[in-house]
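Summary of the model geometry
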Number of protein chains: 2
Amino acid sequence: MNVSRPTVHPVEAPPLIDGGLHNGPRTRMKDVQGMPGTRGGLTLRLIQCAFGVVSVCVMATTRDFRTVTAFCYLVIAVGLQVLWSLSLALVDVYALLVRRSLRKRVIVRLFAIGDGITSTLTFAAACASAGITVLIGNDLNRCSVNHCTRFETATAMAFISWFAMTPSFLMNFWSLASP
Amino acid sequence: MNVSRPTVHPVEAPPLIDGGLHNGPRTRMKDVQGMPGTRGGLTLRLIQCAFGVVSVCVMATTRDFRTVTAFCYLVIAVGLQVLWSLSLALVDVYALLVRRSLRKRVIVRLFAIGDGITSTLTFAAACASAGITVLIGNDLNRCSVNHCTRFETATAMAFISWFAMTPSFLMNFWSLASP
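Scoring rules and cut-offs
Counting starts from 1 at the beginning of each chain's written sequence and moves along it residue by residue. Here every chain gets a letter starting at A, and every ligand a number starting at 1, in the order they are written. Selection of residues for local features in this predicted model requires a pLDDT of at least 70, selection of side-chain atom pairs for listing and counting requires 80 or more, and totals for whole chains, interfaces and linings are taken over all residues. Water and hydrogen atoms play no part in the side-chain values, which are based on all heavy atoms of the structure. Think of it this way: any DSSP run of H or I at least four residues long counts as a helix, any run of E at least two long counts as a strand, and we number them from the N terminus. Classification of residues uses two cut-offs on accessible area relative to the type maximum, computed with a 1.4 Å probe and protein chains only: under 20% is buried, over 50% is exposed, and between them is partly exposed. Pairs of residues are marked as contacts when any of their non-hydrogen atoms sit within 4.5 Å. In short, Shrake-Rupley with a 1.4 Å probe defines the accessible areas, and a residue's cover is counted only from the protein chains shown. Aromatic rings from Phe, Tyr and Trp, with only the six-membered ring used for Trp, were paired whenever their centres fell within 6.5 Å, and each pair was classed as stacked if the ring planes differed by under 30 degrees, edge-to-face if by over 60, and tilted otherwise. Here, a salt bridge means any Lys or Arg side-chain nitrogen found within 4 Å of an Asp or Glu carboxyl oxygen. UniProt positions are given in the numbering used here, feature names are shortened, and annotations may be inferred rather than shown by experiment. Lines fitted to C-alpha atoms define the axes here, with helix axes fitted over just the stretch in contact, and angles between the N-to-C directions of these axes take values from 0 to 180 degrees. Oblique is the label for every angle not falling under 35 degrees (roughly parallel), over 145 degrees (roughly antiparallel), or within 65 to 115 degrees (roughly perpendicular). In this scheme, a crossing is called left-handed if the near helix is turned counterclockwise away from the far one by less than a right angle; it is called right-handed if the turn is clockwise. Amino acids are sorted into nonpolar (Ala, Val, Leu, Ile, Met, Phe, Trp, Tyr, Cys and Pro), charged (Asp, Glu, Lys and Arg) and polar (every other residue, Gly among them). The rule for a disulfide is simple: a pair of cysteine sulfur atoms within 2.5 Å. Only buried Ala, Val, Leu, Ile, Met, Phe, Trp, Tyr and Cys residues count toward a nonpolar core, and they belong to the same one when joined by side-chain atoms within 4.5 Å. Only residues with pLDDT of at least 70 in both copies contribute their C-alpha atoms to the least-squares superposition of the copies.

Moving on to the overall build of chain A. Summing up its helical and strand segments, chain A has five helices and zero strands in all. Along the chain direction, N to C, the helices and strands of chain A fall in the order α-α-α-α-α. For chain A, the residues scored as buried account for 41% of the 179 residues in total. Within chain A, contacts between residues at least 6 apart in sequence are counted, and of these 77% link residues at least 24 apart. Within the structure as shown, chain A displays about 10600 Å² of accessible surface, and the carbon and sulfur contribution to it stands at 66%.

For the structure on display, the rule yields 14 aromatic pairs over all chains. Arranged with centres 4.4 Å apart and planes meeting at 35 degrees, the rings of Phe71 of chain A and Phe151 of chain A form a pair that is tilted. Of this pair, Phe71 of chain A sits in helix 3 (residues 69-97) while Phe151 of chain A is found in helix 5 (residues 148-177), placing the two residues 80 residues apart along the sequence. Of the residues examined, Phe71 of chain A reaches a relative accessible area of 0% and is grouped as buried. Residue Phe151 of chain A is classed as buried on the basis of its relative accessible area of 2%. On the numbers, 5.9 Å between centres and 25 degrees between planes, the contact of Phe123 of chain A with Phe123 of chain B is stacked. Of this pair, Phe123 of chain A sits in helix 4 (residues 105-139) while Phe123 of chain B sits in helix 4 (residues 105-139), placing the two residues on different chains. Considered together, Phe123 of chain A and Phe123 of chain B belong to a single accessibility category, that of buried residues. Site record: aromatic cluster; members linked through ring pairs are Phe123, Phe159, Trp162 and Phe163 of chain A together with Phe123, Phe159, Trp162 and Phe163 of chain B.

Let's shift gears to the side chain of Thr133 of chain A. Locating Thr133 of chain A in the fold gives a position in helix 4. Discounting residues that sit within four places of it in the chain, Thr133 of chain A has contacts with Phe71, Asn138, Cys148, Phe151, Glu152 and Thr155 of chain A.

Moving on: the pattern of salt bridges. All names here are of chain A. Across all of its chains, the model carries two salt bridges over all chains by this definition. For the salt bridge of Asp115 with Arg45, the shortest nitrogen-to-oxygen distance reads 2.9 Å. Taken together, the residues Asp115 in helix 4 and Arg45 in helix 2 (residues 39-60) connect sequence positions 70 residues apart. With respect to burial, Asp115 and Arg45 carry one shared label: buried.

To continue, consider the UniProt feature "domain: Casparian strip membrane protein" (unreviewed entry) in chain A. Here, UniProt's "domain: Casparian strip membrane protein" (unreviewed entry) annotation points to residues 35-164 of chain A. With 79% helix and 0% strand, residues 35-164 of chain A has its two end C-alpha atoms placed 13 Å apart.

Turning our eyes to something else, we now look at the packing of helix 4 of chain A against helix 5 of chain A. All names here are of chain A. At their nearest, the axes of helix 4 and helix 5 sit 7 Å apart, and the two run at 155 degrees to each other. Our classification of the angle between helix 4 and helix 5 gives roughly antiparallel. As for the relative orientation of helix 4 and helix 5, their crossing is left-handed in sense. The residue makeup of the contact of helix 4 with helix 5, split by class, is 17 nonpolar, eleven polar and four charged.

This part takes up the state of the cysteines. All names here are of chain A. Using the criterion set out here, one finds two disulfides over all chains in the structure. Linked covalently through their sulfurs, Cys143 and Cys148 form a disulfide whose S-S length is 2.1 Å. Measuring the twist about the S-S bond at about -95 degrees, one finds the Cys143-Cys148 disulfide to be left-handed. Residue Cys143 is classed as partly exposed on the basis of its relative accessible area, which comes to 33%. The buried category is assigned to Cys148, whose relative accessible area is 5%. With no disulfide partner, Cys49 has as its closest neighbouring cysteine sulfur the one in Cys57, 12 Å distant.

Right, let's talk about the UniProt feature "transmembrane region" (unreviewed entry) in chain A for a bit. Residue and element names in this part refer to chain A. Mapped onto this numbering, the UniProt entry gives "transmembrane region" (unreviewed entry) at residues 73-98, 110-136 and 156-177. Within residues 73-98, the helical portion is 96% and the strand portion 0%, while the C-alpha atoms at the span's ends are 38 Å from each other. For residues 156-177, helix accounts for 100% and strand for 0%, while the C-alpha atoms at its two ends are 32 Å apart.

Moving on, we come to the nonpolar core. If you look at the biggest cluster of nonpolar residues, it comprises 44 residues, and the most contacted ones within it are Met59 and Ile132 of chain A together with Met59 and Ile132 of chain B. The contacts of Ile132 of chain A, once residues within four sequence positions are left out, are Val68, Ala70 and Phe71 of chain A together with Gly131, Ile132 and Leu135 of chain B. Counting eight residues, the second largest nonpolar core, distinct from the first, contains Phe123, Ala124 and Cys127 of chain A together with Cys127 of chain B.

Between the two copies, chain A and chain B, the superposition gives an RMSD of 0.0 Å; the rotation angle is 180 degrees and the shift along the axis is 0.0 Å. Here the copies are linked by what is in effect a two-fold axis. Residue Ala128 of chain A of chain A places its C-alpha closer to the rotation axis than any other residue of that unit, at 2.0 Å. When the interface residues of chain A are mapped onto chain B, 100% of them again fall at the interface, so both copies present the same face.

In structure tokens form, the structure reads like this:
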């Protein structure tokens, strides 16, 4: 019965060394919480939105905020930032629901530029409002005829919103520079 | 004469593939003007110093800047930034004279953190001063009893100094993220 029979020798497919090398950094970057499309990133966006909305509402409910340019600018800049953060929060929710990665170069670049512009505008508005609030409250002592507490609250909320914006910008910029 | 003679076959040394791969990005990064230890970097530092010094001098020569907290803060923050930029300008001059590279990871990290802190402080001071200058000049129309022109000049110079600081920070941060 020495009949030659064809036999099948299962051979393991060799590991794709090139692919592995190229995918190494990508896999590492995916794990970083706070990036777009992660739960940490969504949390940061929601914090930015929440504090931004409180800041705009508190400032807009004072009667005389329209007489000061910096306070008007705060409402506009933080309002713009709330819209931006809300849009990216919705994108994050979509990415988490369909389990889709947002780590494409063009998307990260767009997010980094948008975060950079909106966070700079928010920080500028918060600093200008802080300067005027300190001028009214400490330097001129005119809190009796002004809504100092509301101005301070709106400024503080804008600062916290900017503070939550900074990690998003730095992470996007960092991942843009990484290969 | 069939004597066996030892012969020498010269063999070319194989190229160092690993070394070549690792040195690739470094060589690319070295050429970027504006990094520490380059002529572009030194130019940026000198611009930061020059506009910062003008800003501090113009603000400090007004009599009543001490009565406004934001203007005092501008003098302190921009003064600190001038000292930082001057120190790094001297380091750049040293690196250019002895032709030494400043592209060590620990040095770039130190520069990025320092640039980030000082540029944020300068921008905050410039924004606060801008808010008060606009309040005095436009909202209250009290330029007749205040040095509006000097306040505006000092604020503008601080903004230009911050504007020259931003590329230094972004380049250091970028090269920190690059492998």
